Amino acid sequence: MFKLAPSILSADFSKLAEDIKKVDEAGAEYLHIDIMDGQFVPNITFGPPVVKAIRKVTKMFFDVHLMIDKPERYIDDFVDAGADLISVHAESTVHLHRTLQYIKSKGIKAAVALNPATSLAVLDYVLEDLDMVLLMTVNPGFGGQKFIPQTLGKIKKLREIINNRELSIDIQIDGGATLDNVYEITKTGANVVVAGSAVFGSDNIAETVQLFKQKNYYNA
Ligand code: DX5
Ligand code: ZN
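Keep in mind it's a predicted model, so treat the numbers as computed, not measured.

Some words on the site of ligand 1
Taken together, 20 residues surround ligand 1, and among them D34, G141, D174, G196 and S197 come closest. D34 is positioned such that a nitrogen or oxygen atom in its side chain is 2.7 Å from an oxygen atom of ligand 1. Note that an oxygen atom of ligand 1 is positioned 3.3 Å from one of the side-chain N or O atoms of H65. Expressed as a share of its isolated accessible area of 380 Å², the protein-covered part of ligand 1 is 100%. With respect to the detected pockets, ligand 1 is housed in the largest pocket. Broken down by element, the residue count for the shell around ligand 1 peaks at three residues, all from strand β2 (residues 30-36). In the shell around ligand 1, the residues fall into eight nonpolar, 10 polar and two charged.

Laid out in structure tokens, this is it:
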């Protein structure tokens, strides 16, 4: 039920393969891959060639978070590069339903990401089609920011909506997760936790992954 998704945004880009191996061997379920275009968010990371390169060094589940304008333009490229799941921001694509159907037509999982200020209402007519919802718990663009406490109410509300509709959809949170708040976040209803700086900025990456896996509500 619980899954940890270390974000390589905070990894050492000169030693990506080594850092990925550490979180894989420590038992992290997903590898969270942040794609930023300098347009939708005020930061630039990397594109499909880098995803393709790391695909060669690991079998981990690639959870690709697209923080780019009009993500529909790049779905093919990220699928070809090895994505297992693609999250698109509701704020970044005009035809959200079409974009989600397109991702699913490629045989991979689809998720919608929402910025902290975006209402859950945008999910109303697409929820049944989703494998996961990504709730941003910081404003997207950078690692190492502080968890926004108001998002806890949003997580709770979304879990209620999913339960009321008798769906089984993962809720992923992204931003500001730490060993100190992972219990509360997961107790509130999120079951997939992204952690960038908390994992890759720690002195012992493997131990931190294991602690996240122990301290969450599902396993504590
Ligand atoms: C932020 C990214 C996050 C980021 C999280 O825009 O989407 O995935 O890596 O980093 P931390 O866990 O350090 O907040
Ligand atoms: Zn992310």
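Continuing now.
Concerning the coordination of the zinc ion (ligand 2)
Around the zinc ion (ligand 2), the protein contributes the donor atoms H32 (NE2), D34 (OD), H65 (ND1) and D174 (OD), which lie 2.0 to 2.3 Å from the metal centre. Coordination at the zinc ion (ligand 2) is octahedral, judged from the six donor atoms that bind it and the angles of 70 to 170 degrees they form at the metal. The sequence motif formed by the donor residues of the zinc ion (ligand 2) is H-x1-D-x30-H-x108-D. Placement of H32 in strand β2 and of H65 in strand β3 (residues 61-67) is noted, with a sequence separation of 33 residues between them.

So, how was this worked out
- Residues numbered from 1 in each chain as written.
- Chains lettered and ligands numbered in written order.
- Predicted model: local features only at pLDDT ≥ 70, side-chain atom pairs only at ≥ 80, totals over all residues.
- Heavy atoms only, no water.
- Near = heavy atom within 4 Å.
- Polar contact = N/O pair within 3.5 Å; in protein donor to acceptor, adjacent residues only side chain to side chain.
- Areas by Shrake-Rupley, 256 points an atom, 1.4 Å probe, with all protein chains shown as cover.
- 1 Å grid on protein atoms, 1.4 Å probe; cavity = no way out; pocket = protein on both sides within 12 Å on 5 of 7 lines; lining within 4 Å.
- Sits in = over half its atoms within 2 Å of the grid points.
- Helix = DSSP H or I, 4+ residues; strand = E, 2+ residues; numbered from the N terminus.
- Nonpolar A, V, L, I, M, F, W, Y, C, P; charged D, E, K, R; others polar.
- Donors = N, O, S within 2.8 Å, 3.2 Å for Na, K, Ca; no water.
- Tetrahedral: all angles 85-135°; square planar, octahedral: opposite > 155°, others 65-115°.

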